[in-house]
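One letter stands for each residue in the lines below.
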Amino acid sequence: MSKNLVIVESPAKAKTIEKYLGKDFTVLSSIGHIRSIPKKTADGTPPIDIKNGFKTQYEIDPEKKKTIAELRKAAKSAETIWLATDEDREGEAIAWHLCEVLKLDPRVTKRIVFHEITKSAIEEAVKYPRTVDMRMVEAQQARQILDRIVGFELSPVVWQKVPGGKSAGRVQSPAVRLLVEREREITAFEGSSQFKVSALFYHGNDEFKAELKQRFDTEEEARDFLESLEDATFTVSGITKSPSTRNPGAPFTTSTLQQEANSKLSFGSKATMAAAQKLYQAGKITYMRTDSVNLSGQAIASATDFIKRLYGPEYSTIRKFKTKNSSAQEAHEAIRPTDISLETASNNEYDQKLYDLIRRRTLASQMAPAQLENTTVTITISSHSEVFEAKGQVITFDGFLRVYGSNKEEILPSLTDGDTIHSSEISARQAFTKPPARYTEGSLVKKLEDLGIGRPSTYATIIDTVQTRGYVEKGDSEGAPRDVVTLALVNGAVEREIVQEKTGSTRGKLIPTPSGELIADFLTNHFEKIVDYDFTANVEQEFDKIATGSLARNSMLQNFYTPFHELIAQSGGIDRSTVGANREVGTDPVSSKPIFARFGRFGPMLQLGSQDDNEKPTFAPLPRGTKIETVTLEQALEAFKLPRIVGKTPEGVDIRASVGRFGPFIQIGTKTTKTKPLYVSLKEDDPHDITLNRALELYAEKLKLEAEKNVADFGDGIKILNGRFGPYVTDGAKNIKVPKDTDPKEVTHEQAKSLLKEAKPSKKRPTRRTSKKK
DNA sequence: CAGTGAGCGAGCTTCCGCTTGACTT
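Thresholds applied
- Here the residue index of a chain counts from 1 through its sequence in written order.
- Chain labels run from A onward and ligand labels from 1 onward, assigned in the order the entries are written.
- In keeping with the model being predicted, local features are shown solely for residues with a pLDDT of at least 70 and side-chain atom pairs are shown and tallied solely at 80 or more, while totals for entire chains, interfaces and linings include all residues.
- Excluded from the side-chain calculations are hydrogens and water; all other atoms, namely the structure's heavy atoms, are used.
- Elements are defined by DSSP. Helices are runs of H or I of four residues or more, strands are runs of E of two residues or more, and each kind is numbered from the N terminus.
- Contact between two residues is taken to exist if any of their heavy atoms lie within 4.5 Å; hydrogens are not considered.
- Each accessible area value is a Shrake-Rupley result obtained with a 1.4 Å probe; residue values ignore everything except the protein chains displayed when judging cover.
- None of His or the chain ends enter the tally, which takes Lys and Arg as positive and Asp and Glu as negative.
- To locate a charge, take atom NZ for lysine, CZ for arginine, CG for aspartate or CD for glutamate.
- One requirement defines pairing of two strands: DSSP has to find at least two bridges between them.
- Only the contacting stretch of a helix is used when fitting its axis, a line to C-alpha atoms as for every element, and angles between N-to-C directions run 0 to 180 degrees.
- Angles are sorted into four bins: roughly parallel if under 35 degrees, roughly antiparallel if over 145, roughly perpendicular if 65 to 115, and oblique for all others.
- By definition, turning the near helix anticlockwise from the far helix through less than a right angle yields a left-handed crossing, and turning it clockwise yields a right-handed one.
- Polarity classes work like this: nonpolar for Ala, Val, Leu, Ile, Met, Phe, Trp, Tyr, Cys and Pro, charged for Asp, Glu, Lys and Arg, and polar for all others, with Gly in that last group.
- By definition, a salt bridge exists where a carboxyl oxygen of Asp or Glu is found within 4 Å of a side-chain nitrogen of Lys or Arg.
- Exposed residues in this analysis have more than 50% of their type's maximum accessible area, buried residues have under 20%, and partly exposed residues fall in between, with area computed by a 1.4 Å probe over protein chains only.
- To define a nonpolar core, start from buried Ala, Val, Leu, Ile, Met, Phe, Trp, Tyr and Cys residues and group those joined through side-chain atoms within 4.5 Å.

Give me the overall build of chain A: which residues, what numbers.
Broken down by element type, chain A carries 19 helices and 30 strands. With respect to the three principal axes, the spread of C-alpha positions in chain A is 95 × 85 × 65 Å. Of the contacts made within chain A by residues no fewer than 6 positions apart, 66% connect residues no fewer than 24 positions apart. As displayed, chain A offers around 41,300 Å² of accessible surface, 49% of which is attributable to carbon and sulfur atoms. For chain A, the centre of its 113 positive side-chain charges and the centre of its 106 negative side-chain charges are spaced 9 Å apart.

Below, the structure written as structure tokens:
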């Protein structure tokens, strides 16, 4: 064992650093945090003793036991231990937890930091060790304790008071509120339209487009205008040229990487981070969870060198970017390739696409601005005072656009003042004002970052959490068609045509569910502070004060806790029936029972009959696209027609159609029939009027699909199936992967049996996706 | 994965942030 033990957070980082430090150093990693606050303690004492100075218990994360055993062993034989966790709040805390667990004295144990993984930075860091900064550690503890208190005192309140309420927290709740508010702006948006006139002009053989500066409010005005152009002549009367420059964006942070990958490559935040993680572990890029736009001197130098060699010195401009975000902690570099000259970093198409984006962004950040020339041509009309305007843009020097960004040009023909030009086409088109855009994963991440909510390591999981809690869904509708009036001047007469355009597409957008709206409203009404967008920013400032020593940890926590807990205590008095909309839709003409629309345990629903009737009320899910506030009696009556029997299969099994938790579906067979019922989701068909023929068609398709999934069926319940993760053997209870080097079709019955026998009994694993802790 | 929903009441859930594999069907 070597004399020195260095402990970092990331195993991939450990590997890199070990290379730089030579044989006297062993580098190990903590793999993130090693201890956390238990949810419950064995002796029933509260994990956070609020009355006793917020005294906190910690427990070693079970999955870290092995890591810690290794660290302990290495620590025993090392002469000097260097704590090299990240230089931010969480990193400082990890260093302190390491001291506690490895029984090191934080007052003397060497603590080093580096912002970049380069030989010189590391050697420099080793020269100037410090000790663990306990104020910084206290700031982290304040953060962690506050988050735990908010989450664990507030969540039980929403379980009790909010139907469908599953959780609340400092980060997830404002995120849901953002989406809810945006959705309401969109609902409240009152669109208007104007008529935009555009013309195609030609000069010689060149054609170009121009727009009328003025817009018309009504179709009549637009029509009158077009008609008046019949005998008009058009003259070029003014050409202005103005140069402009465009600068490249800063190198990627986690947030901007997710935004760009989302908009340019249509990657979700999670997919982006997974690809980046692979690239990082392969040593192709620097650390991918960062809020810094800073590049190391070495990286700038090699990028500059590469740019000069490949594109020429005029393409190089050295730039240092500064973060605008005040909550940034900048423990790492920006995300960049480790070797800027490397073009291909992976065989995987997605990873490579992301790498290419990162590489081009990095290069662009050290390249010259693009020089553009904007041209505006004014065209006067003999019969009017209004003017047309044609705009052109020419790139006189592409600069960074050579590698990143769009270099589309709008080229105008060479025109001279006074030229008479002719129109080949003049038309007016109705242009609608647009409601605010729904958030995408990328734009939500940007908004959260702007508000200082969440951290680079959590943006992707925030988006996951709000979806798994059922507060938010990914949209998948293409949008509704809308009629657009177009008028064209043809041979002196105006021709009217209605064209259609799609509007309001929700594909890939984040949309709050009714339950999301409900919880956002509840928190806004009763716990305004927690969903206040300034709340995180304010506590963040206080954490900083704790870190610099101008505020005591406990007084900060107490100041927060006292009023917060008071609200929690009062919340018992909130009447559950006042939470969420509840209205009587009308009366069922058949049974003359009332129909209500309200929130149930599983979301919004319709209820036929009142609770004090002798007969049990019947329920139906609220039809998609309708709301408790607006659902009509007709819609409600339709919903109660389901489930309906569509008919029978040739074998005489009932086919029914209905709407369930996952949307409309048909079901062949019931739970009482011999074979398990088969469900087919309906995408285009309506369960209310789907025909028997269509249902049978879908049934046949589904059977075919099931058959394809089946590689082999040995008849005794043992099957070989094709699943999401490749072929596997199953006996109904256990699933065992077919070994990689075996052709699934070749597996014999005996082999399958032995595979199942050898396999360990399947462990029951907690199925939650977000908090896989202990 | 599925067609639930009140009432009765026990027992359960839950936070955010730092890291990777292990694991899933």
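Please provide a residue-by-residue account of the sheet that holds strand E21 (residues 603–608), values included.
Taken together, 4 strands build an open sheet; the order of strands is E19-E20-E21-E22 and the sheet is antiparallel. The sheet is open, and its two borders are formed by strand E19 (582–587) and strand E22 (618–621), each paired with just one other strand. Within the sheet, the average angular offset between the axes of one strand and its neighbour, ignoring direction, is 30°. With 6 bridges connecting them, strand E20 (residues 594–600) and E21 associate as antiparallel partners. Its bridge partner being in E21, Phe596 is matched across the sheet by Gln607.

Please give an account of the packing of helix H15 (residues 533–548) against helix H16 (residues 553–570) that cites residues and values.
The interhelical angle for the contact between H15 and H16, taken along N-to-C directions, is 160°, at an axis separation of 9 Å. Comparing their axes, H16 and H15 come out roughly antiparallel. Helix-helix and strand crossings are classified by hand; for H15 and H16 the assignment is right-handed. Touching Phe535, Val539, Glu542, Phe543 and Ile546 of H15 are Arg553, Met556 and Phe560, all from H16.

Hey, could you go over the packing of helix H3 (residues 89–102) against helix H5 (residues 134–161) for me, with residue numbers and the actual values?
The relative placement of two packed helices comes down to the angle between their axes together with the axis-to-axis distance. The interhelical angle for the contact between H3 and H5, taken along N-to-C directions, is 105°, at an axis separation of 8 Å. By the angle between their directions, the pair H3 and H5 is classed as roughly perpendicular. Residues Arg89, Glu90, Glu92, Ala93 and Trp96 of H3 lie in contact with H5, whose contacting residues are Met134, Met136, Val137, Ala139, Gln140, Gln141 and Arg143. Of the residues belonging to the contact of H3 with H5, the class tally is 6 nonpolar, 2 polar and 4 charged.

How would you explain the sheet that holds strand E26 (residues 678–681) if you had to name every residue and give the values?
The strand order E23-E24-E25-E26 describes an open sheet built from 4 strands, whose pairing is antiparallel. Whereas interior strands pair on both sides, the edge strands pair on one side only; in this sheet they are strand E23 (644–648) and E26. Looking at each pair of strands side by side, their axes are set apart by 25° on average, direction ignored. As judged from the 4 bridges shared by E23 and strand E24 (residues 654–660), these two strands associate in the antiparallel manner. Within E24, the residue paired with Ile645 across the bridge is Arg656. Packing against the sheet, helix H18 (residues 692–709) makes contact with E23, E24, strand E25 (663–668) and E26, and its axis sits at approximately 110° to E26.

Provide a residue-level description of the pattern of salt bridges, including the pertinent values.
For the coordinates displayed, the defined rule picks out 39 salt bridges. Between Glu92 and Arg111 there is a salt bridge, with the nearest N and O atoms lying 2.8 Å from each other. A residue pair is termed long-range when its members are at least 10 positions apart, and Glu92 in helix H3 and Arg111 in strand E8 (residues 110–111) qualify at 19 residues. Here Glu92 falls in the buried class, since its relative accessible area comes to 1%. For the salt bridge of Lys474 with Glu441, the shortest nitrogen-to-oxygen distance reads 3.0 Å. Pair noted here: Lys474 is in strand E15 (residues 472–474) and Glu441 is in helix H12 (residues 441–451), with a separation of 33 residues, a long-range link.

An account of the nonpolar core is needed here, citing residue identities and associated values.
Counting residues in each nonpolar core, the largest one holds 91 residues, and the members touching the most others are Leu154, Phe522, Leu523, Phe527 and Leu606. In terms of residues, this core owes the most to one element, H5, which gives 11 residues. By size, the runner-up hydrophobic cluster in this structure holds 36 residues, among which are Leu257, Ala364, Leu372 and Tyr404.

By themselves, these are just geometric observations and shouldn't be taken as functional.
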